[in-house]
Amino acid sequence: MICPSCGIEILTGKSFCPLCGMHIKHLSEDSAELRERATACRYPEYKEKKPDTVKTAVFFSTCVVSIVSLFINYLTFAQNHFLWSLLVISAVFFIYKTIFIWTSRVYYIGAKLFTQFFWSAQLMIVIDVLTGLSFWSFSLVIPWFSVGITTILTVLAACNHKNYEEYTGYMTAAFFLSVVLFIISLFPFIRTKWPSWAAMLYAILTVFALFLFSRRQLKEELKKRFLL
Amino acid sequence: MITWYSIDTAGKLFPSVSSNNNSSFFRIAAVLKEPINQDIFQETIDRVRPRFSFFFVRLRRGTFWNYLEENNEPFLVQQETDCPCTASQFGRHDSHLIRFLYFGNRLSIELFHSITDGRGAIEFMKAVLFTYSVIAAERNCDKVLPVPEEKIVNIQSTPVIDDYENSFLRFAKINKKGSKLEIRKFPPASYHIEGTPAAQKCVGVITGLISSEQLNRYAKSLGTTVTGYLASLLIYSIYSARIKFSTEKKPVVVSVPVNLRRRFPSVTFRNFFAVVNISFSFSTIESENSAPLFDTILESVSQQLEHLTRKENLQREIDKNIFFDKNRIGRWVPLRIKHLFVRLGFNLFGEVRRTITLSNMGEIDLPSGTAQLVDHGEALLYPSLKCPLNCAVITVNDSMSISFTKAIEETDVIRSFFLLLKQQTNLQLQVYSNISREKV
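The following paragraphs examine the structure supplied in this document. Because the structure is a prediction, the values reported are computed rather than measured.

## Some details on the interface of chain A and chain B
Interfaces are frequently sized by the accessible area removed from exposure as the parts join.
Part 1 of the reasoning: Facing the 42 residues of chain A at the interface are 61 residues of chain B.
Part 2 of the reasoning: Taken together, the connections running from chain A to chain B amount to one salt bridge.
Part 3 of the reasoning: A salt bridge links Arg-37 of chain A to Asp-375 of chain B; the shortest N-O distance between them is 2.9 Å.
Part 4 of the reasoning: Remark: the boundary between chain A and chain B carries 11 residue pairs in polar contact (both at pLDDT 80 or more).
Part 5 of the reasoning: For the side of chain A that touches chain B, the elements supplying multiple residues, two or more each, are β1 (9-10), α1 (32-40), α6 (164-185) and α8 (217-225) of chain A.
Part 6 of the reasoning: The leading source of residues in the side of chain A that touches chain B is α8 of chain A, at five residues.
Part 7 of the reasoning: A breakdown of the residues in the side of chain A that touches chain B according to their chemical character gives 22 nonpolar, six polar and 14 charged.
Part 8 of the reasoning: Relative to strand β15 (residues 430-433) of chain B, β1 of chain A runs parallel, the two being bridged by two bridges. Bridge pairing in β15 of chain B places Ile-10 of chain A opposite Val-431 of chain B.

Shown next as structure tokens:
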């Protein structure tokens, strides 16, 4: 049919012109060929996207808890000189991210573990800073997290031999993480050095085992991950 | 062993800039004369998959670059239920960079821009349509099967390195050590089409069908090409619908992707295109200029197109692309940081400096046995926040389809374009759309 406003032939089963929105009438004199072409050109009625209300509600609750605790902390700061609200904010965001990481279908297991590691590490650092900054987070907790992540990846690689090369990329990343922790432990403010060094030794042994038990594909795996 | 591919120079941009508002998925579709048979379509995909295995991949993150990894998950054809060119969530096991959709008579393939460009997609679509017609003929027990011609990729052959080579690297003339690049002054920000964001963020499509041969003849009579004519008409439509009623001084910039395979002998299915920006500023037109406005635009656009698509200028575009790829410092920047800079650069120097993209993908040249199954083709470009209106052109069987994709509710520019096209050429024009609400 022809839109009376635009003067252009419109192929549609609907009663309006897509160019101007004007009502158009289907004419009986429209040829069968034209009607057939209009049917061929039709699109589906798209399903409406439902908003992710659960995710939004969890995020909103996280923000509410953070803002309210910050507000109360501000009002009571004269009586108690402790920034406990920062601790609450870090903790609720840690919980929020943990839920998000483990319910999301987006990430690979290695990526999930690493994201979890970084959020756990930031929570430990915040607690450390708020409780007097004795660097226990760097000297004790984070190195053990690093050992934990390397162990989990090793177990996964051993159990799922089909995806061995997939995990080796993440294990190599875990090795570099322990190198960073080792370098941090060399600074004088880190008094307890042995956990970082143990984590480093553990990572070296793991990577050694990795190469020893790997197939030829490992080289290719590393090449694609570090492609330059 | 899982096969992997590095992403070509142009394709590296898209993983960084893609989002819900800029999906980087484009669509090539064919509207057949008969409804699509799901079983035949699925069998078609299963048959062509080994030959085009480099398209059946997933996007993975490396330390310094993204890369493509063979995806062994099944690729199932799906009935179309979502809006065209929707974004994908990468990193999921089932996230594909290529989608096979059907609805009624429409067979659509949506591709993420990192794996191929328009020309590569057309070659793939040709192989799919040909195989579909062969299987349909086999099932109908037809005595005469469509004959494969040279213009169709033989799906019995095996992929070769040339199929997925990064042709930018082959044809770049940049000195690897010195990497000298002519630094040109960045053009000013362009005029932007603004409007009410589309409901549900659904991409609206309005397609016009016109005779390719007659439009070609008309464009030639004006001393230009179809692309030159359509780009001029687009600029004039934007002027008629928007700029005429405002005090806007910024130039209208039409980005035209150019297939580099025509000037540089490459058979790659990966990205090998350059983008040339055709600019027209209405503030520079003198009021006493007696020539009609459209003629002035047409002359300027034709000259710019002719100049910018010369081999030496396209060579410069290749070198410019490769400069950022080969930059020694940039290569060692971790991917996460690279993403931030690429996104920033794209918003500052890419999106801000173009009004609309016009991609003439050319012709889907099919063997006669297959061509008779197809009514017409469609090509859809994804819109973005800054460029909420884009246009793609494709031709099958003398039927040229000019499809606008929009992320805004307003249709004034599109209406103006089709009215002018009808008025000027006086050719038969048929328009259809996916818009389902009356308020446009």
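Now that the structure has been shown, we can carry on.
## Concerning the state of the cysteines
All names here are of chain B.
Part 1 of the reasoning: Going through the model one piece at a time under the given rule, you end up with one disulfide over all chains.
Part 2 of the reasoning: Residue Cys-83 pairs covalently with Cys-202 via a disulfide, S to S 1.8 Å. Every disulfide takes its handedness from the sign of the S-S torsion; for Cys-83 and Cys-202 that torsion is -115°, giving left-handed. Here the residue Cys-83 occupies a position in the loop between β5 (78-79) and β6 (98-103), and Cys-202 occupies one in the loop between α4 (167-171) and β8 (204-211), the gap between them amounting to 119 residues.
Part 3 of the reasoning: Look at Cys-83 and you get buried, because its relative accessible area is 8%.

## Some remarks on the side chain of Glu-9 of chain A
Part 1 of the reasoning: Along the chain, Glu-9 of chain A turns up in strand β1.
Part 2 of the reasoning: In this structure, Glu-9 of chain A is buried with no salt-bridge partner, the nearest side chain bearing the opposite charge being Lys-422 of chain B at 6.7 Å.
Part 3 of the reasoning: Beyond its immediate chain neighbours, meaning those up to four positions away, Glu-9 of chain A contacts Met-1, Ile-2 and Leu-34 of chain A together with Gln-428, Leu-429, Gln-430 and Val-431 of chain B.

## A closer look at the pattern of salt bridges
All names here are of chain B.
Part 1 of the reasoning: Under the definition given, this model contains 22 salt bridges over all chains.
Part 2 of the reasoning: The salt bridge partner of Glu-138 is Arg-47, with a shortest N-O separation of 3.0 Å. Of this pair, Glu-138 sits in helix α3 (residues 118-139) while Arg-47 sits in helix α2 (residues 38-48), and the two are 91 residues apart along the sequence.
Part 3 of the reasoning: A relative accessible area of 36% means that Glu-138 is categorised as partly exposed.
Part 4 of the reasoning: Its relative accessible area of 31% is what places Arg-47 among the partly exposed residues.
Part 5 of the reasoning: Across the pair Glu-69 and Arg-58 runs a salt bridge, and its minimum N-O distance is 3.9 Å. Of this pair, Glu-69 sits in strand β4 (residues 66-70) while Arg-58 is found in strand β3 (residues 57-61), placing the two residues 11 residues apart along the sequence.
Part 6 of the reasoning: One salt-bridge network, held together by shared partners, links Arg-27, Glu-80, Arg-99 and Glu-110.

Conventions used here
- Residues numbered from 1 in each chain as written.
- Chains lettered and ligands numbered in written order.
- Predicted model: local features only at pLDDT ≥ 70, side-chain atom pairs only at ≥ 80, totals over all residues.
- Heavy atoms only, no water.
- Contact = heavy atoms within 4.5 Å.
- Salt bridge = Lys/Arg side-chain N within 4 Å of Asp/Glu carboxyl O.
- Polar contact = N/O pair within 3.5 Å; in protein donor to acceptor, adjacent residues only side chain to side chain.
- Helix = DSSP H or I, 4+ residues; strand = E, 2+ residues; numbered from the N terminus.
- Nonpolar A, V, L, I, M, F, W, Y, C, P; charged D, E, K, R; others polar.
- Pairing = 2+ DSSP bridges.
- Disulfide = S-S within 2.5 Å.
- Buried < 20%, exposed > 50% of the residue type's maximum accessible area, 1.4 Å probe, protein only.
- Lys, Arg positive; Asp, Glu negative; His and termini not counted.

Geometry only, nothing functional implied.
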